[in-house]
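Chain residues, written in single-letter form:
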There are 2 protein chains.
Amino acid sequence: MKAAVLRNLKNILGKDHLLTEIEDRVTYSYDAAVLEPKTPSAVVMPKTREQVGQIVSLCHDYSIPITVRGSGTNLSGGTIPETDGIVLLTGCLNKIIEINEHDMYAIVQPGVVTAGLAAEVEKKGLFYPPDPGSQAVSTLGGNVAENAGGLRGLKYGVTKDYVMGMSFFDAQGNYVKTGSKTIKCATGYNLAGLMVGSEGTLGLIDEITLKLIPYPATRKSMVAVYDTIEQASETVSAIIAARIIPATLEILDNFTIRAVEDFSHAGLPVDAAALLLIEVDGHPVVVEEEGQKIKTLCKKLGVSTLKVASDDKERDRIWAARRSALSALAKLKPTLVLEDATVPRSRIPDMVNALQDVAKKYDLSIGTFGHAGDGNLHPTILTDKRNKKEWHRVEQAIEEIFDKALSMGGTLSGEHGTGLAKAPFLQKEIGLSSIEFSRRLRKAMDPKGILNPGKLTGVTPRV
Amino acid sequence: MKAAVLRNLKNILGKDHLLTEIEDRVTYSYDAAVLEPKTPSAVVMPKTREQVGQIVSLCHDYSIPITVRGSGTNLSGGTIPETDGIVLLTGCLNKIIEINEHDMYAIVQPGVVTAGLAAEVEKKGLFYPPDPGSQAVSTLGGNVAENAGGLRGLKYGVTKDYVMGMSFFDAQGNYVKTGSKTIKCATGYNLAGLMVGSEGTLGLIDEITLKLIPYPATRKSMVAVYDTIEQASETVSAIIAARIIPATLEILDNFTIRAVEDFSHAGLPVDAAALLLIEVDGHPVVVEEEGQKIKTLCKKLGVSTLKVASDDKERDRIWAARRSALSALAKLKPTLVLEDATVPRSRIPDMVNALQDVAKKYDLSIGTFGHAGDGNLHPTILTDKRNKKEWHRVEQAIEEIFDKALSMGGTLSGEHGTGLAKAPFLQKEIGLSSIEFSRRLRKAMDPKGILNPGKLTGVTPRV
């Protein structure tokens, strides 16, 4: 990186907010995806909107790639930088600017932690539903850039469903505003819709306006234990067919149950073939009724035991255990690949079967857990990337999982994004002319190709 | 229009689906906005995807402007064509391709009528909530292109909240696919999000995948009669502050009540200063509770009478009356201007007052009705455009309404779109650099400027 660029960055940021030591740069060379790290030339930590604007303008002038990073929980390589580029950390842009109780919205900076906002709005009786697995550390800027999902997707939708508006800096440092604090807005292009899930390739998010809803009056959590995973997945289908939409409807296979129990000691039944974790929420009468209906369906489909959480403490323990699944599995082998190919929810039993076949075919350990209720399973392959022969089988298995999902009318990524990991497969799903349309759009908005190069649309030439 | 273009159009469409007579062309020269008509050179009625693709390619080759038109209910001039361009009617692209009960989505062609889809899915116990005032004739393609709202916006959101995916032809005739039938999709750019509300300027919609939800179990409609409009608008605020979210919460002022009653003979109280039409829906217990809470609030804020619809017939009569408001008002004077500047919902009392001030200041008849619950009022100015002095005052009044809405944190358009009508005011809301970003995007996707020129981002050069 040119000395002039570093000098300018120091002028903008002051020396404490510019990291250039190798230890610091290596720290930001990778994320949660199993991909080769790349060490950036510098790491910047702006504190103000003005600094962000100045940094973008500078990088535009010198054609320096920018990768914005929240907490680096990205599972598709979306925050792996370029070696001649900078990483921009949003950690110092972490203010909740407004929580409006009457009009039920919040305005936040990109570095606000997801669970932090959720906790603040809950104090006012409001609810910010999107809850990616990493919500305790993930940032809202990252959630928006990736269109993050979570456990509550089937009832409450994903991040995209809560973004009312935003402001951002484009690749040239121009300040763009879109959307509104009003529920309805048909003014100008829906640029906020385009920015959601754009993985840092179209602009740097400044402020986000998020929709809030009233906090549900009550909730009930249940654990349903099954002797076969088929019974569990068919229960998922039956609940959906009955038009009950739980707040969460998660599945864990035996492999995952054992890993989670070993990690969290939550009292999960380690001999069960599969568990469903189910939560219904809302008006007490509705919760009671839906709970009863779900119980009946579980019994009809052969549940071996069904336990209702007796209080919030027990409920929280169950969900904390579920949320530890990724960490628990990650302990077992040197390399963990967490996939998120997603199918229409009625196809969950087929997908569960397909995953078992794939595991057998390629002789791999695949733990399966995830958001069964919205068709978004997380097949998790445990391996050791240094074992080249096995890694080759892993790559084949991943591609076969993608093909299976697509053949069922599904999608490559439910919530982890395209990033570097899935860009090579994008054409299978959307076709070449859709990729070309996307590349043309991107090129127009970022002619020099400095915004998070290589992600989403695949390799694009830099100028 | 060149003879070669017409010959090619006839080859693609056959002579029955190409209209070139002046009577036909004049028919498609205007829409529901008060703007100068423009007579197109030809009107085409494709029956197949292939024909649409061929038409776009032809128009691209010859730089012919294309304006897509559903039912022409557009209130911002979005379907007013260019004189050297064609109007593409979607009326023959009107198939419901799939209604999937299990996975709760529908796939439709753009020409399907909104209420037609709603009726079909209702037969299967499903609900497509977006209900623009014109739903009986409006098309889903038009709804998507305009991000149409409706009466149920406050509880159920707008069109954008139901678009899961779509396919479209870009300006060069390439076929683009985006989104999925799955609830979660983080694959590629959210182009469906960008296309919603893009007013025909980025592509021609082929098929749309729409989210459906379970049909509400029950509903209750109420009519609250007030002696002052302030009491009515304060009741709206009180309901919202109590965190009750009705399915619809509409206001009608005395001017509108009288016009509607005269038109529909629904038995509305013509002496009332204002009415609220309120509907709650969902689980019977919740509906009963929310109904009671609303009653209490109405009484507290001085309602003079409160009537609950006793059966579906009475309910339907009330809502049919409300839906006739536009037609009823349109009968009174030669020119009707229906505005949709929108404010955060807590500001409804302030906006109601502001509208009264504007009417007085400019000596105009302004009827006010609309979606009070989501901040989206429809101030309706009755005038005669031939009266130049009065028309000048109307233009001043409209601009003042925009300014008032923006000063309250609102937006120029809640649901009617930017079109030709609001493009000149866009900068007031989003600023020049946001418009420039939008124009750059548009130019990249449509370098020749053939897709619905002049709408949304204002005048753009054609090549």
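Keep in mind that this is a model prediction, so the values were computed, not measured.

Observations concerning the overall build of chain A
Phase 1: A tally of regular secondary structure across chain A gives 16 helices and 18 strands.
Phase 2: Computed over the C-alpha atoms, the radius of gyration of chain A is 22 Å, within 12% of the 23 Å expected from 2.2 N^0.38 for a compact globule of 463 residues.
Phase 3: If you line up chain A on its principal axes, its C-alpha atoms span 70 × 60 × 40 Å.
Phase 4: The burial tally for chain A puts 61% of its 463 residues in the buried class.
Phase 5: For chain A, contacts bridging at least 24 residues in sequence account for 71% of all contacts bridging at least 6.
Phase 6: For chain A, the exposed area adds up to about 16500 Å²; of that, 51% sits on carbon and sulfur atoms.
Phase 7: For chain A, the distance from the average site of its 54 positive side-chain charges to the average site of its 55 negative ones is 2 Å.

Concerning the packing of aromatic side chains
Residues and elements named next belong to chain A.
Phase 1: Tallied over the entire structure, the rule returns twelve aromatic pairs over all chains.
Phase 2: Here F127 and Y156 contribute two aromatic rings whose centre-to-centre distance is 5.2 Å and whose plane-to-plane angle is 90°, an arrangement assigned as edge-to-face. With F127 in strand β7 (residues 126–127) and Y156 in helix α6 (residues 153–156), the pair connects residues that are 29 residues apart, well separated along the chain.
Phase 3: Both rings, one in Y128 and one in Y162, keep their centres 5.9 Å apart while their planes meet at 75°; by these two values the pair is edge-to-face. Taken together, the residues Y128 in the loop between β7 and α5 (140–146) and Y162 in the loop between α6 and β8 (163–169) connect sequence positions 34 residues apart. For the pair Y128 and Y162, one class covers both residues: buried.
Phase 4: Here a set of aromatic residues connected by ring pairs shows up, and it is made of F127, Y156 and Y215.
Phase 5: Residue placement shows K211 over the ring face of Y162; its charged tip is 5.5 Å from the ring centre.

Some points on helix α10 (residues 284–300) of chain B
Phase 1: In this model, α10(B) (17 residues) spans 24 Å end to end at C-alpha, consistent with the 24 Å of a helix rising 1.5 Å per residue.
Phase 2: Along its buried surface, α10(B) packs onto α10 (284–300) of chain A together with β12 (218–226), α8 (229–241), β14 (274–282) and β15 (305–308) of chain B.
Phase 3: At the exit of α10(B) stands B:G302, carrying a positive phi of roughly 85°.

Overview of the pattern of salt bridges
Phase 1: Under the definition given, this model contains 52 salt bridges over all chains.
Phase 2: A salt bridge links B:D16 to B:K15, with the shortest nitrogen-to-oxygen separation between them at 3.8 Å.
Phase 3: Members of the salt-bridge network, linked through shared partners, are A:R49, A:D206 and A:E207.

Focus: the sheet that holds strand β9 (residues 175–179) of chain A
All names here are of chain A.
Phase 1: Overall, antiparallel pairing links the five strands, which are arranged β5-β6-β10-β8-β9 in an open sheet. Whereas interior strands pair on both sides, the edge strands pair on one side only; in this sheet they are β5 (96–100) and β9. Taking each pair of neighbouring strands and ignoring which way they run, the sheet shows an average axis angle of 10°.
Phase 2: Inspection of the sheet shows β8 paired to strand β10 (residues 204–211) by six bridges, in the antiparallel sense. Within β10, the residue paired with F169 across the bridge is L204.
Phase 3: This element, helix α4 (residues 114–123), spans β5, β6 (105–108) and β10 of the sheet and lies at about 35° to β5.

Some details on the interface of chain A and chain B
Phase 1: Taken residue by residue, the interface counts 85 residues in chain A and 85 residues in chain B.
Phase 2: Taking both sides of the interface into account, the surface hidden between chain A and chain B amounts to around 6900 Å²; carbon and sulfur atoms contribute 59%.
Phase 3: The largest share of the area that chain A buries against chain B comes from A:K184, A:Y189 and A:R243, three residues that together contribute 14% of it.
Phase 4: The interface formed by chain A and chain B holds eight salt bridges in total.
Phase 5: A salt bridge links B:E101 to A:R243; the shortest N-O distance between them is 3.7 Å.
Phase 6: Across the contact surface, chain A and chain B share 42 residue pairs in polar contact (both at pLDDT 80 or more).
Phase 7: Counting residues per element, the ones that place at least two in the side of chain A that touches chain B are α6, β8, β9, α7 (191–195), α8 (229–241), α10, α15 (426–430) and α16 (432–445) of chain A.
Phase 8: With nine residues, α16(A) is the largest single contributor of residues to the side of chain A that touches chain B.
Phase 9: Taken together, the residues that form the side of chain A that touches chain B break down as 32 nonpolar, 35 polar and 18 charged.

Considerations on the domain arrangement of chain A
All names here are of chain A.
Phase 1: What the domain assignment reports for chain A is domain 1 (3–89), domain 2 (96–214), domain 3 (216–329) and domain 4 (333–415).
Phase 2: Each of domain 3 and domain 4 has a C-alpha centre, and the two are 21 Å apart.
Phase 3: The interface is formed by 18 residues belonging to domain 3 together with 22 residues belonging to domain 4.
Phase 4: If you look at where domain 3 meets domain 4, you find zero salt bridges.
Phase 5: Inspection of the domain 3/domain 4 interface yields six residue pairs in polar contact (both at pLDDT 80 or more).
Phase 6: Put simply, the parts of the chain that give the side of domain 3 that touches domain 4 at least two residues each are α8, β13 (248–253), α9 (254–264) and α12 (325–330).
Phase 7: Across the side of domain 3 that touches domain 4, the residue classes tally to ten nonpolar, three polar and five charged.

Topic: the relation of the copies chain A and chain B
Phase 1: Rotating chain A by 180° and translating it 0.0 Å along the rotation axis places it on chain B, where the RMSD comes to 0.0 Å. The superposition operator between the copies reduces to a two-fold rotation axis.
Phase 2: Interface overlap between copies: 100% of the residues of chain A at the interface are likewise at the interface in chain B, consistent with a symmetric, same-surface contact.

Re the environment of A:R345
Phase 1: Examined against the element boundaries, A:R345 turns out to sit in the loop between β16 (335–338) and α13 (348–361).
Phase 2: For the pair A:R345 and A:L377, spaced 32 residues apart in sequence, the C-alpha to C-alpha distance is 9.9 Å.
Phase 3: Setting aside anything within four residues of it in sequence, one finds A:R345 in contact with A:L154, A:I240, A:A372, A:G373, A:D374, A:G375, B:H102, B:D103, B:M104 and B:I183.

Some thoughts on the side chain of A:R69
Residue and element names in this part refer to chain A.
Phase 1: Secondary-structure assignment places R69 in strand β3 (residues 66–69).
Phase 2: Despite its burial, R69 remains without a salt bridge, the nearest opposite charge being carried by D31 at 5.9 Å.
Phase 3: Within polar-contact distance, the side chain of R69 engages the backbone oxygen of Y30 at 2.7 Å.
Phase 4: Filtering out sequence-adjacent residues up to four positions away, R69 remains in contact with T27, Y28, Y30, D31, T79, V87, L88, L89 and T90.

Here we look at unusual backbone geometry
Phase 1: At A:L456, a residue that is not glycine, the phi angle is positive and equals roughly 70°.
Phase 2: Within the secondary structure layout, A:L456 lies in the segment after α16.
Phase 3: Judged by its relative accessible area of 0%, A:L456 falls in the buried class.
Phase 4: Positive phi is not limited to glycine here, since B:N452 has a value of about 45°.
Phase 5: You can call B:N452 buried: its relative accessible area is 3%.

Quick look at the sheet that holds strand β17 (residues 365–371) of chain A
All names here are of chain A.
Phase 1: Overall, antiparallel pairing links the seven strands, which are arranged β15-β12-β14-β13-β17-β18-β16 in an open sheet. Only two strands of the sheet have a single neighbouring strand rather than two, namely β15 (305–308) and β16. The sheet shows a mean angle of 15° between the axes of neighbouring strands, taken without regard to direction.
Phase 2: Sheet analysis places β13 next to β17, joined by two bridges and oriented antiparallel. When the sheet's bridge partners are listed, I251 is paired in β17 with G370.
Phase 3: The strands that α13 touches are β17 and β18 (376–383); relative to β18, the one it contacts most, it runs at about 10°.

Notes on the pairing of strand β17 (residues 365–371) of chain B
All names here are of chain B.
Phase 1: Among the seven residues of β17, six are classified as buried, and the element is accordingly described as predominantly covered.
Phase 2: The pairing of β17 with strand β18 (residues 376–383) spans seven bridges and is antiparallel. Its bridge partner lying in β18, G367 is registered against T380.
Phase 3: Hairpin connection from β17 to β18: four residues lie between these consecutive antiparallel strands, with G375 at a positive phi of about 80°.

Here we look at the packing of helix α1 (residues 3–13) of chain A against helix α3 (residues 49–62) of chain A
When two helices pack together, their arrangement is given by the angle between their axes and by how far apart the axes lie.
Residues and elements named next belong to chain A.
Phase 1: For the pair α1 and α3, interaxial distance at closest approach is 10 Å and the crossing angle is 170°. The angle between α1 and α3 places the two elements in the roughly antiparallel class. Residues A4, V5, N8, L9, I12 and L13 of α1 lie in contact with α3, whose contacting residues are Q51, Q54, I55, L58 and Y62.
Phase 2: Taken together, the residues that form the contact of α1 with α3 break down as eight nonpolar, three polar and no charged.

Conventions adopted
- Residues numbered from 1 in each chain as written.
- Chains lettered and ligands numbered in written order.
- Predicted model: local features only at pLDDT ≥ 70, side-chain atom pairs only at ≥ 80, totals over all residues.
- Heavy atoms only, no water.
- Helix = DSSP H or I, 4+ residues; strand = E, 2+ residues; numbered from the N terminus.
- Rg over C-alpha atoms; globule rule 2.2 N^0.38 Å.
- Buried < 20%, exposed > 50% of the residue type's maximum accessible area, 1.4 Å probe, protein only.
- Contact = heavy atoms within 4.5 Å.
- Areas by Shrake-Rupley, 256 points an atom, 1.4 Å probe, with all protein chains shown as cover.
- Lys, Arg positive; Asp, Glu negative; His and termini not counted.
- Charge placed at Lys NZ, Arg CZ, Asp CG, Glu CD.
- Phe/Tyr/Trp six-rings, centres within 6.5 Å; stacked < 30°, edge-to-face > 60°.
- Lys NZ or Arg CZ within 6 Å of the ring centre and 35° of its normal.
- Expected span 1.5 Å × (residues − 1).
- Salt bridge = Lys/Arg side-chain N within 4 Å of Asp/Glu carboxyl O.
- Pairing = 2+ DSSP bridges.
- Axes fitted to C-alpha atoms, helices over the stretch in contact; angles between N-to-C directions.
- Buried area = accessible area lost by both parts, 1.4 Å probe.
- Polar contact = N/O pair within 3.5 Å; in protein donor to acceptor, adjacent residues only side chain to side chain.
- Nonpolar A, V, L, I, M, F, W, Y, C, P; charged D, E, K, R; others polar.
- Domains from an automatic or database assignment.
- Least-squares fit on C-alpha atoms with pLDDT ≥ 70 in both.
- Parallel < 35°, antiparallel > 145°, perpendicular 65-115°, else oblique.

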